Every structure is written in structure tokens, then in C-alpha cells.
Amino acid sequence: MEHTPPSSAAHSAPSQQFRWELRACRVRRGLTQRALADLVRFSRETVAAVESGRRFGSQEFAVRCDDVLDTGGRLAALWPQVAAEQLAADGRRGPRSSDLARLDPPVPRQRGRRDARDPGAVVDAIDELRELIGQVLSSQPEADDATPQRGPERLDDQP
């Protein structure tokens, strides 16, 4: 879920670094905000809001951007600090900076491998499931076509 940071949080180090990395990688790849949004399946408004600091985005957003922009996981690596900042901005108690050092390092994306610790693998699996569900639903026969056509049964016709 995305949250709007207060103006003071918009200038802090983790979210600012995340925004700069995102924009720099997007521009380096020659993508517009709209093109990136289409590739990561988020709205252009979300991409613009994250880059401008009006929103933090989400871990899923970071992972998808890493994958599309081929950053080697830089955005996902920044995410724990951004998430801690988001928690603080929301007025909730998040991990202290010393706790951040103890967080598990992000697992690098490896194509073809599925690791439950890799958020990107989880996102990919969800996308694959959505696609499979769509295929199953689109290939299902109509309810009327699935049952053989018979006339109404009468109770007195049964043995």
C-alpha cells in the first residue's frame, strides 16, 4: 500500500536515494514514466508520485522496477530503509536504524529460480497464477453448454 509522506520525510536520505535511483535508471533506459508504468503494471501517476516524493510506493513496485530496469536489485536493496521511513511517517513505530542492519539482505533476482525469500519470485508467481486463472476462466464453457440438454424430469417417471 502506498502512503503519502509528510514534507519533511520527502527530503530524508532513504526515500530520496530511492527516488533518484528510480529516475536515473528509468532515464538511462530511455523510458518515459508512462512506458515504465506500463511495463511494471502500475499507473503513470504512481511512477510520477514516487519519483517526486509524494508517495513511497511499495515493495512490489520496487521489485518490479528492478526487474524491468535491470538494476541488479538496487531498488529492492533500498526498500527496508524506505519502509522504515514510511512507518515513521505514518506515526507507527518501525525498526530503528540499528535494527535495519540486522535485516536479511535482499536476495538477488535469478531468472528461472523460485526462492520464497525473493519478493520478485513471489510477484512473478502471483502474475503467473493470475494469467493461469484468466486462461482457465476464458476456456470454461458456459454453464448451459456444460450440462446436457434434457427435458424436465417428472417424479412419476422414476422407477
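Please refer to the structure placed before this passage.
Draft legend 1. Broad picture of unusual backbone geometry. A positive phi angle, close to 60°, is found at Arg-41, a residue other than glycine. You can see Arg-41 is positioned in the loop between helix H2 (33–40) and helix H3 (44–52). With phi around 55°, Asp-70 is a residue other than glycine that occupies positive phi space. Positionally, Asp-70 belongs in the loop between helix H4 (59–69) and helix H5 (74–89).

Draft legend 2. Molecular detail of the packing of H4 against H5. Running from N to C, H4 and H5 point in directions that differ by 160°, and their axes come no closer than 7 Å. Of the possible angle classes, the one that applies to H4 and H5 is roughly antiparallel. The two elements H4 and H5 meet at a crossing, and its hand is right-handed. Judged by residue contacts, Gln-59, Ala-62, Val-63, Cys-65 and Asp-66 of H4 engage Arg-74, Leu-75, Ala-76 and Trp-79 from H5.

Each value, and the rule that gives it
- Numbering of residues begins from 1 in every chain and follows the order in which that chain's sequence is written.
- Local features in a predicted model are, by the rule used here, given only for residues with pLDDT of at least 70; side-chain atom pairs are given and counted only at 80 or more, and totals for whole chains, interfaces and linings are based on all residues.
- Processing note: side-chain calculations cover all non-hydrogen atoms of the structure and skip hydrogens and water entirely.
- Secondary structure elements are taken from DSSP: a helix is a run of H or I of four residues or more, a strand is a run of E of two residues or more, and numbering for both begins at the N terminus.
- Interaxial angle, 0 to 180 degrees, is taken between N-to-C directions of lines fitted to C-alpha atoms, where a helix line uses only the stretch in contact.
- Roughly parallel here means an angle under 35 degrees, roughly antiparallel means over 145, roughly perpendicular means 65 to 115, and every remaining angle is called oblique.
- Less than a right angle of anticlockwise turn of the near helix away from the far helix marks a crossing as left-handed, whereas a clockwise turn marks it as right-handed.
- A contact between two residues is defined here by any heavy atoms of the two lying within 4.5 Å.

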